[in-house]
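Coordinates in review
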Amino acid sequence: MPECSFHPGVETEVSCTECGRYICQKDMVSTPVGYKCPECAKPARSEYVLVKPRQLAGAVALGLLSGIGGGLVIGLVGFGFFFVALAWGALVGEATRRGSGGHRGPVIATVAGGSVVAGGLLGGLGLITIVFGVVGVVATVGWGWGR
Ligand SMILES: [Zn+2]
Ligand SMILES: [Zn+2]
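Keep in mind the model is a prediction, meaning the values are calculated, not measured. (Residues numbered from 1 in each chain as written. Chains lettered and ligands numbered in written order. Predicted model: local features only at pLDDT ≥ 70, side-chain atom pairs only at ≥ 80, totals over all residues. Heavy atoms only, no water.)

**Overview of the overall build of the protein chain**
For the protein chain, the count of helices and strands is five helices and two strands. For the protein chain, the N- to C-terminal ordering of α and β elements is β-β-α-α-α-α-α. Overall, the protein chain is about 60 × 30 × 20 Å in size when its C-alpha atoms are taken along their principal axes. Going through the 147 residues of the protein chain one by one, you find that 37% of them count as buried. Within the protein chain, residue pairs in contact and separated by at least 24 positions form 52% of the contacts whose partners lie at least 6 positions apart. (Helix = DSSP H or I, 4+ residues; strand = E, 2+ residues; numbered from the N terminus. Buried < 20%, exposed > 50% of the residue type's maximum accessible area, 1.4 Å probe, protein only. Contact = heavy atoms within 4.5 Å.)

Have a look at this one:
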């Protein structure tokens, strides 16, 4: 078996999709085009995947606003039907995405999902409603890489 280019002595069969160097599990960076070594993954991460602090702040602000606002409204009105919760989650996801400047993916989904949970708890919503809200979030922004 070939050895890892970064850790001599560590055997691996995986190589970087960009430069072809062998990488072990410690070095693998999962990207949309496959596994890359840490060096090749760096520019891609900062350009496409990584959400910058200011974008994250915008995402958290809009996510919490729509999440808590929506949770309170649904709690007041008192209809936590699953499709209302789904629409609410989609709305929070979309607001979070816009707040971040158009990002998607795990980071944005986490922020939006957290906002839905926070809003749901504050609005006194049931667990099922909150779960459907989170499903709405994941369906809207859970996939994709920084787009
Ligand atoms: Zn590489
Ligand atoms: Zn290694």
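**Side note on the pattern of salt bridges**
Applying the stated criterion across every chain, the model contains four salt bridges. Taking the shortest distance from any N to any O, the salt bridge between glutamate 18 and lysine 36 comes out at 2.7 Å. Taken together, the positions of glutamate 18 in the segment before strand 1 (29–31) and lysine 36 in strand 2 (residues 34–36) put the pair 18 residues apart, joining distant regions of the chain. Residue class for lysine 36 comes out buried when judged on its relative accessible area of 9%. Of the charged contacts in the structure, one is a salt bridge between glutamate 94 and arginine 97, with a shortest N-O distance of 2.9 Å. Highlighted residues: glutamate 94 and arginine 97, both in helix 3 (residues 82–99), separated by three residues, approximately one helical turn. For arginine 97, a relative accessible area of 19% gives the class buried. (Salt bridge = Lys/Arg side-chain N within 4 Å of Asp/Glu carboxyl O.)

**Structural notes on the coordination of the zinc ion (ligand 2)**
Donor atoms from the polypeptide that bind the zinc ion (ligand 2) are Cys4 (SG), His7 (ND1), Cys24 (SG) and Asp27 (OD), placed at 1.9 to 2.3 Å. Its four donor atoms give the zinc ion (ligand 2) angles of 89 to 119° at the centre, a pattern that matches the tetrahedral case. Written as a sequence motif, the donor arrangement for the zinc ion (ligand 2) is C-x2-H-x16-C-x2-D. One end of the pair, cysteine 4, is in the segment before strand 1; the other, cysteine 24, is in the segment before strand 1, and 20 residues separate them in sequence. The same class applies to cysteine 4 and to cysteine 24, which are both buried. (Donors = N, O, S within 2.8 Å, 3.2 Å for Na, K, Ca; no water. Tetrahedral: all angles 85-135°; square planar, octahedral: opposite > 155°, others 65-115°.)

**Here's the deal with the coordination of the zinc ion (ligand 1)**
Only Cys16 (SG), Cys19 (SG), Cys37 (SG) and Cys40 (SG) from the protein coordinate the zinc ion (ligand 1), and they sit 2.3 Å from it. What the four donor atoms of the zinc ion (ligand 1) show is an angle range of 103 to 117° at the metal, which sorts the shape as tetrahedral. Donor residues binding the zinc ion (ligand 1) come from one chain and are separated in sequence as C-x2-C-x17-C-x2-C.

**Things to note about the confidence of the model for the protein chain**
With 91% of its residues at a pLDDT of 70 or more, the protein chain shows a mean pLDDT of 88. Mean pLDDT in the protein chain bottoms out at helix 1 (residues 38–49), which sits at 65, and peaks at helix 4 (residues 106–122), which reaches 95. (pLDDT = per-residue confidence, 0-100.)

**Section: the domain arrangement of the protein chain**
In terms of domain boundaries, the protein chain breaks down into domain 1 (1–49) and domain 2 (53–141). The C-alpha centroid of domain 2 is placed 35 Å from the C-alpha centroid of domain 1. (Domains from an automatic or database assignment.)

**With respect to the packing of aromatic side chains**
Using the criterion set out here, one finds two aromatic pairs in the structure. When the centroid spacing of 5.6 Å and the interplanar angle of 80° are considered together, the rings of phenylalanine 82 and phenylalanine 83 count as edge-to-face. Centroid distance phenylalanine 82 to phenylalanine 132: 5.5 Å. Interplanar angle 45°. Geometry classified as tilted. Of the two residues, phenylalanine 82 sits in helix 3 while phenylalanine 132 sits in helix 5 (residues 127–141), which places them 50 residues apart along the sequence. Through a chain of ring-to-ring contacts, three or more aromatic side chains come together here, namely Phe82, Phe83 and Phe132. (Phe/Tyr/Trp six-rings, centres within 6.5 Å; stacked < 30°, edge-to-face > 60°.)

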